[in-house]
Structures are given as C-alpha cells and as structure tokens.
Amino acid sequence: MSTTGIGASVLRREDKRLLTDAGQYTDDLAVAGQTYAVFVRSAHAHADITGLDVKRALAMPGVLGVFTGRDLQAGGVTPIPTLLAERDAGMKSIDGTPLPEPAWHVLAIERVRHVGEPMAVVVADSLAHAHDAAEAVIVHYVERPVVINAKAALLPSATPIHADLPVNNRAYDWQCGDASATAQAFGAAAHVTRATLVDNRLVTCFMEPRAAIALWDAKTERLTFHAGLQSVHALAENIARILGLRTDQVRAISGDVGGGFGTKIQAYPEYAVIAWAARKLGRPVRWTSTRSEGFISDAQSRDHQIDCELALDAGGRILALRAHSITDLGAYFAPCIPVSTVSNMQRIISSVYAIPSIHLRVTGAFTNTVPINVYRGVGRFEGVYTAERLIDQAARETGRDANTLRRLNMVRTFPYRSATGATYDSGDYVARLDEAIMLGDLAGFTARREESQRRGRLRGIAMGPYLEGTGGAPQEFAEVRVLPNGMVEIPVGSHSQGQSHETVFAQVVAERLGVPYDSVRMIMGDTDKVAQGIGTFASRSMVRAGNATAEVVDLVIGQGKQMAAHLLEAAAADIDYVDGRFRVTGTDRSIGLFEVARAAAAGELPPSFRTTLAASKMHENAAFAFANGCETCEVEVDPDTGMVEIIALSVVDDSGRAVNPAVVHGQMHGAVVQGLGQAMFERTVYDPTSGQLLSGSFMDYAIPRADEIPPIQIVSRDIPSPTNLLGVKGAGEGGTVGAPAALIHAIIDALAPLRVKHIDMPATPERVWQAIIRAHP
C-alpha cells in the first residue's frame, strides 16, 4: 500500500498551519476602510415593537448609520428563504396542506419572537463606538404571553406566535410508514414496551464564533462576503435572493472554519444585514458575534419529545415500532430543518433492526425560543436513540438479555429495505455488536462491578449500536486541472470545517492519477474559484465530493489519452495509463502526464484539443451509504451525589473504505464526545414565564472537558459500500448517534439494584440523584 494513497494515515496538511497560529479565520481578516456592526437585540421573548428611537444613537461619535427593519424593507431586502428544500421535496402535512412559511425578517419589524432577535444595527468607525451607540437605541415594547414548550404551544389556548397558521403554532404534522399494519401488529403482540423520551435542546458551541465581513464594489456592482461557512455557494444564492441581486453579483469566501456541525449552513439575519449596510454606506462592514450573542442567536438544535412503543412476539422478535415526535422549531423555520429532520428519521427509525412494520409521526411547533437547525446527526440520532431505548427497556421488562434481544432482531442480509423505505447497502451488524462486547470486556465486568461495590460505587455497562445514512444531497461538484508546472489543482464544492479536506482529497487524487501526493493542491471555499458546489454536511464530503473527484480523474485520464495518442502518433485505444505516464501498449514509447499538459499549453496539439488538461463534473448519486457500528460505555455512579464517571468507552466502526484511518478515528473521537455532551452535560433552559435563556453562558451551560472523558478505543472494520466508486461511507456522525444511548443505558444498568428504570438526558448529577430518591423515597 502507498504511504500517501488511499488507506494511509497521512499526517494532516492542515495541522502545521492551524497549530502554529497561522490559520486564517474570518475575524483574522482586516480590510481597508472597514467599519463595525453591532446589533440591537430583543430583551423580550414575545412582544410588539411600538417604537424604535435611534436619534440619540445617530448623533453619537463615529456612527455612520443606524438601520431598522423598516429601513431594510424599504431598501428592497426580503425575508430569509426558509422552505426551498421542503418545496422541492413536496413535503406536506398529513391533511395534505403545504407547510406555512411565516416571514423571518432579517431585522424584526413589528414583533419580536425570541430573546436575542435583532431589531436594529449600528455601524460605526470602531467597535467601541458601535457598542456605545447600540446601547443608546431606545425600544418600546408591549409584551405578549410566552410559550417555550412545543407540546404547550400546540394547545388551542396557547398564544399564537405567528398569525394565520392553519393550526395554532403548528408548523407541520407529517407521517410515514404503514399505520394500519403497525396497529395490527401491536394488536397481536405478546408484549408492548412504551416510553416517553426527551431529546434535549442543545446550544451549538462551535469553537469559532460566527463572523462576517461584507464589501461592496460600486464599479463592478459585486458583493464580496467573507464568513465561516459550510457552503459558500448556498450562502451566495441566499444572500442574492434576500438583497435582490443576481447570484453572480455575490462572491462568497470562507477560509478556515472553527467548527460548523450543520448550524453554519444557513444564511443568518446578520449576514444579510451587514451585506446591505456595506452596499448602503459604500464601506466594508464587519461583525463578529460575542459568545453571549451566540447563545441567543446561533441556531440551536434537537428538542424532541418522543412518545414511542415497541411490539414483541412471545419469542422476542420485534413486530412493530410506533413513534410520535413533537419537535420544537423555535420562533421560525430555519432553512432545511423540516425536511432534514423527517427524512433522516424516516431513513433511520428502524436502526440496525429488521422491523416489519413502522409508523412514524413528526409534529413541528413554533415557540418563543431561538430557531432550531440541523446539528451533527440530525434525525439519525432521534431514530437510533428511540429504537435503542425501547429495546433496552423491553429486555428489562421481559427478563431478557439486551444484547441477545438486539442480536435476534438485527438485519443480516444486504441490501435490506426497511419498513419506511430506506435501503441499507452493506454491513455486518451482528459482528459489530459481538466485537464491541469483546472490546468492552463484558466477560470481566462482574469482577469490576464487585470492586466498585466495595468502594460504595455502582457500576454499569451497556452497548449502543448505531446506523448513519451518509451522503445527504445527491450532487457535488469537482474539477481536476493538470498544470504544466507539475501541480494538480482540485477545486471542490465541499468545504472543510475540520474534516481534513486538504489531506484526504489529495490522497484520492494522488493515488488515482498516479502523481506525487505533494503535487496535489485543493481549492475550496470561494465561489469565484469553484464553479459550483453543494457544501459539507450530512457526512457527505468523501461520499459525494470524494467520488466526484475520482470520477473527474477518470475523465482527465481519458482526455489525456486522446492528447497522448496524437503526441505519440498512436491510436487512443492503444494508450495505457500507469503511474503518471501514458504508454503505447506493447512498446517503450511513453509520455508523462505533465508533459502532455505542457504540450497542450504550448499549442502543440491540433485546434480540436483544448489548451488545458482538465475536466469537471457535477457528480450525482441518490444512493446513501450506511455507516454503522457499536459503542460500549462503562460508568461508575456515586449513589450519594449522583455523580457519574465514564470509566471506559470503545467503538467498533464500519465507515466503509477509510481513505485516511487516522482522520476517520479523529472524526469518531469528536463525534463520540459531542454525543456524550448531549447525554450527560448539555442542558438548555428557558424560563417558562419570561422566555429568557437561563443557561446563557458557559457558567450555566456545560460541555465536556478533556478530564471528564476517558481514552476512547476505536477499531475500524470497514466494509466497502457498493453504492459508490470509492466504497466509502461517511464517518462524521456515527459516534454522536450511538454514544447517548450507550451512556444512558450504562447509567440505568448501574442504578438497576436501586430499581431505577428510566432517566432522561442530560444525566446530570442532580437528575441522577433525583432518580435514586424517587426510586427510594
């Protein structure tokens, strides 16, 4: 195997730059003549705006402009486009009605619907002047009643958040599967397990706060927009829509990005506002979110309440699964969240199990909270967590071993079509479970539990199988350019936020093109340099963009054979390509790849040939590649305090063919820790009366620290996917999807001697202690 090709754990190219303070994030940029934006945000969760007085702010030193929603509306700014994907997918509610689309103005005009919603922006010559002037803006409110819970919002008596919805505060009511067949299966069941699960709301804590810089060129009538993004092309299209520009008038650029996780996909209100202000003032405008702003303006995530049940026959075979999730969407539809949530839940609700009948219903509700958007494992987590919690509970209720019950019901033959229409492409779920049991040393657990008991501690262990449909949107763009100077450029529509694109894409091209790894350079994150693109999300970069790149390499080789045939005076059919050289079959006559590129550039080929050796393609493949695996979590609980210590965590993972195993393992580490964060640490709390975010800083909102996470063992058992040329499956989200169930089940296992049967996420010490007290009042 090559030391730099596919399958090699090549050291990341990005690391030297990022670890030596040479990264280039948006806030690191400085442009001549730049100005600073500060937003005036709502102090109330639900109120009418009866007055906005900006006179004093306008008169303050250094202030260049103070703008309100009315100013932007008069300037042609339209609301944020929110349901483009849903309309394309034809998504409707059960009653056949299309999804309503309440207007989400970039600056609130008549009413605010969550704390932190922007109402005005101050632009000044310094950040200090902008802050001072923002504090001088006077807002008059008339408060309205607040609703912060999705179930409460759907009650007929709840205060309407948006006018003229078909059903009060209901965003959609969607279903899939066969309700009738599922009901019949439940009627014939020997045992039914029922549960209500809380999928807790999360604040997205990317390391790099959101930031943006907008520059308007009056001569060319073009906007240049810098921000940390997951898709520069989507941002350019949406900013153009909002501002009434052509897409080619917007150049979006994204340098290094310090984490995205899904929530840096959307066109946020602040982005459109500073873009408009830059055009209005004729000066560059920059804005960087503070961490406090981020807590009340960055899209949040999760927040489902799931009523679910599982039907078993007398032998333990699963007959059916039924679930109804009520999901909180926050104050507005964030772009793509409805279709992403329901399509992924539909795809994954069966998890790794062969369940004959399924009925899934998802109801979305608007509330007076920060809008929800996609986040690592969206929909996939909800599906896997529901199935795993039900199976673990069913095993306890029927006196069965949970892993035996899992093994009995796992999918064993592929391709497998689930009851909700997903086609699982490949894997060996039973083997992953059995390997995880061995890796977690389940056989030696009894002795470890006894040792804990001697110290007054309770010990538990549990498994967390997972499934992750990777690939997302079916298209992605790639281009390959062979340059006369001995370099290969690969502009790709996917964009890195830590996924090692610069390394792994170079590995793919170097191996398939037979050129040195160091000769390959990736280009991404600039709409002027990459012709098209979809972006990075849904564990799709290698599944879509990697395969796009491999396909384009083949096109370049085919084009090069035609050129080489002319230069070698042979028929194209007689040209082979091996190790970077075109060779006439059966002879020693050959020419190198870069020699062909130089000949083309020098005009040594007929006019029918191009002067460049390059090709591009928008790859398209609707098939998903299903990554899968199993996590083992072992915990120790202090029954006096409820404190949980994660003793060990291991993962057996199938992410298909690993381009770079070290990168895959790094992705798994990060994914697992984010899953553990949701399960044990992260709790978003709104005051039910005022709608204020009570967990509005890291003083009140906990995320995992390094000293709270044990070393994570990862074993790769990669089964190539038959759905794509490279045989890859996405590796970015499986760990997040599987970790919470493994941790919660391990805690329940530890507390089983105390007759604790259920605990909701996050399993904080307080919540664990309360569960113990309830079981022993």
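Structure: above.
A.B. asks: Please explain the overall build of the protein chain as it appears in this structure.
C.D. replies: Looking only at helices and strands, one finds 21 helices and 28 strands in the protein chain. For the protein chain, whose C-alpha radius of gyration is 28 Å, the value lies close to the compact-globule estimate of 28 Å for 777 residues. With respect to the three principal axes, the spread of C-alpha positions in the protein chain is 90 × 75 × 55 Å. Residues counted as buried form 59% of the 777 residues belonging to the protein chain. Sequence-distant contacts, at least 24 apart, represent 80% of the contacts inside the protein chain between residues at least 6 apart. As displayed, the protein chain offers around 28800 Å² of accessible surface, 53% of which is attributable to carbon and sulfur atoms.

A.B. asks: Got a minute to help me understand the packing of aromatic side chains in this structure?
C.D. replies: Between two aromatic rings, the relevant description is the distance of the centres plus the angle of the planes. Counting across every chain of the model gives 15 aromatic pairs. With centroids separated by 5.1 Å and ring planes inclined at 85 degrees, the aromatic side chains of F67 and W276 adopt a geometry described as edge-to-face. Separated by 209 residues along the polypeptide, F67 in strand β3 (residues 63–68) and W276 in helix α9 (residues 269–281) bring together distant segments of the chain. Of the two residues, F67 and W276, neither departs from the other in class, the shared state being buried. Aromatic pair F295 and F698: ring centres 5.3 Å apart, planes at 80 degrees, arrangement edge-to-face. Pair noted here: F295 is in helix α10 (residues 291–297) and F698 is in the loop between α19 (661–680) and β28 (712–716), with a separation of 403 residues, a long-range link. Exposure remark for F698: the relative accessible area of 39% places this residue in the partly exposed category. Taken together, the ring pairs connect F414, Y416, Y424, Y429 and F626 into an aromatic cluster. The ring of W216 is capped by R279, whose NZ or CZ atom sits 4.8 Å from the centre of that ring.

A.B. asks: For this particular structure, what's the right way to read empty space enclosed by the protein?
C.D. replies: Rolled over the atoms, a probe as big as a water molecule pinpoints where empty space is left. By the definition in use, this model includes five cavities of 30 Å³ or more. Of the volumes computed, that of the largest cavity is approximately 110 Å³. Around the largest cavity, the lining comprises 18 residues; the ones closest to its centre are W104, H114, P118, P269 and S297. At the level of elements, α9 and α10 are the ones that each hand at least two residues to the lining of the largest cavity. Taken together, the residues of the lining of the largest cavity break down into nine nonpolar, five polar and four charged.

A.B. asks: It is not clear to me how the layout of surface pockets should be interpreted in this structure. Could you clarify?
C.D. replies: As a volume, the second largest pocket reaches approximately 410 Å³. Contributing to the lining of the second largest pocket are 19 residues, with N149, V198, R201, D303 and T684 lying nearest its centre. Elements supplying a minimum of two residues to the lining of the second largest pocket: β8 (191–199) and β13 (304–312). Across the lining of the second largest pocket, the residue classes break down as seven nonpolar, five polar and seven charged.

A.B. asks: Even after reading the chapter, I still don't get the nonpolar core, so can you show me in this structure?
C.D. replies: Within soluble globular proteins, side chains that are nonpolar generally end up buried alongside one another. Counting residues in each nonpolar core, the largest one holds 110 residues, and the members touching the most others are Y172, L321, V635, L743, L751 and V768. The element that contributes the greatest number of residues to this core is helix α20 (residues 734–751), accounting for eleven residues. Those residues in contact with Y172 that sit more than four places away from it in its chain are M91, S93, L99, T327, L329, F333, P338, V342, V362, T363 and G364.

A.B. asks: Would you mind showing me how to read the packing of helix α8 (residues 232–243) against α9 here?
C.D. replies: Relative orientation and spacing of two packed helices are given, respectively, by the angle between their axes and the distance between those axes. Contact geometry of α8 with α9 gives a least axis separation of 10 Å together with a crossing angle of 60 degrees. Every pair of crossing elements has a handedness; the one defined by α8 and α9 is right-handed. Contacts from L235, I239, I242 and L243 in α8 reach Y271, A272, A275, W276 and R279 in α9. The residue inventory of the contact of α8 with α9, partitioned by class, reads eight nonpolar, no polar and one charged.

A.B. asks: Sorry, what's going on with the sheet that holds β28 here?
C.D. replies: Within a beta sheet, neighbouring strands are joined by backbone hydrogen bonds and run either parallel or antiparallel to one another. A sheet is described by the order of its strands in space; here four strands give the open sequence β18-β26-β27-β28, paired in mixed fashion. Because the sheet does not close on itself, it has two edges, and the strands there are β18 (458–470) and β28. When strand polarity is set aside, the average angle formed by the axes of neighbouring strands in this sheet is 15 degrees. As judged from the ten bridges shared by strand β26 (residues 625–637) and strand β27 (residues 644–654), these two strands associate in the antiparallel manner.

A.B. asks: Explain the sheet that holds strand β10 (residues 222–227) here, please?
C.D. replies: The strand order β3-β5-β1-β12-β9-β10-β11 describes an open sheet built from seven strands, whose pairing is mixed. Because the sheet does not close on itself, it has two edges, and the strands there are β3 and β11 (250–253). This sheet shows a mean twist of 20 degrees between the axes of neighbouring strands, independent of strand direction. The pairing of strand β9 (residues 211–217) with strand β12 (residues 285–288) spans four bridges and is antiparallel. Bridge pairing in β12 links A211 to T288. Here helix α5 (residues 127–136) sits on the sheet in contact with β1 (35–41), β3 and β5 (118–124), set at roughly 25 degrees to β1. In the packing of α8 onto the sheet, the strands contacted are β10 and β11, and the crossing angle to β11 comes to about 140 degrees.

A.B. asks: How should unusual backbone geometry be read in this particular structure?
C.D. replies: Of all residues except glycine, most have a negative phi; of all peptide bonds, most are trans. The omega angle of the peptide bond from F414 to P415 is 0 degrees, so this bond is cis rather than trans. By the element assignment, P415 lies in the loop between α13 (402–409) and β16 (416–417). Put simply, M761 and P762 share a cis peptide bond, and its omega is -10 degrees. Mapped onto the elements, P762 comes out in the loop between α20 and α21 (765–775). We note that E221 has phi near 55 degrees; this positive angle belongs to a residue other than glycine. Position of E221 among the secondary structure elements: in the loop between β9 and β10. Residue E221 is classed as partly exposed on the basis of its relative accessible area of 46%.

Cut-offs used in this document
Residues numbered from 1 in each chain as written. Predicted model: local features only at pLDDT ≥ 70, side-chain atom pairs only at ≥ 80, totals over all residues. Heavy atoms only, no water. Helix = DSSP H or I, 4+ residues; strand = E, 2+ residues; numbered from the N terminus. Rg over C-alpha atoms; globule rule 2.2 N^0.38 Å. Buried < 20%, exposed > 50% of the residue type's maximum accessible area, 1.4 Å probe, protein only. Contact = heavy atoms within 4.5 Å. Areas by Shrake-Rupley, 256 points an atom, 1.4 Å probe, with all protein chains shown as cover. Phe/Tyr/Trp six-rings, centres within 6.5 Å; stacked < 30°, edge-to-face > 60°. Lys NZ or Arg CZ within 6 Å of the ring centre and 35° of its normal. 1 Å grid on protein atoms, 1.4 Å probe; cavity = no way out; pocket = protein on both sides within 12 Å on 5 of 7 lines; lining within 4 Å. Points joined across faces, edges and corners; volume = space filled by probe spheres on them. Nonpolar A, V, L, I, M, F, W, Y, C, P; charged D, E, K, R; others polar. Core = buried A, V, L, I, M, F, W, Y, C linked by side-chain atoms within 4.5 Å. Axes fitted to C-alpha atoms, helices over the stretch in contact; angles between N-to-C directions. Left-handed = near helix turned anticlockwise from the far one by under 90°. Pairing = 2+ DSSP bridges.

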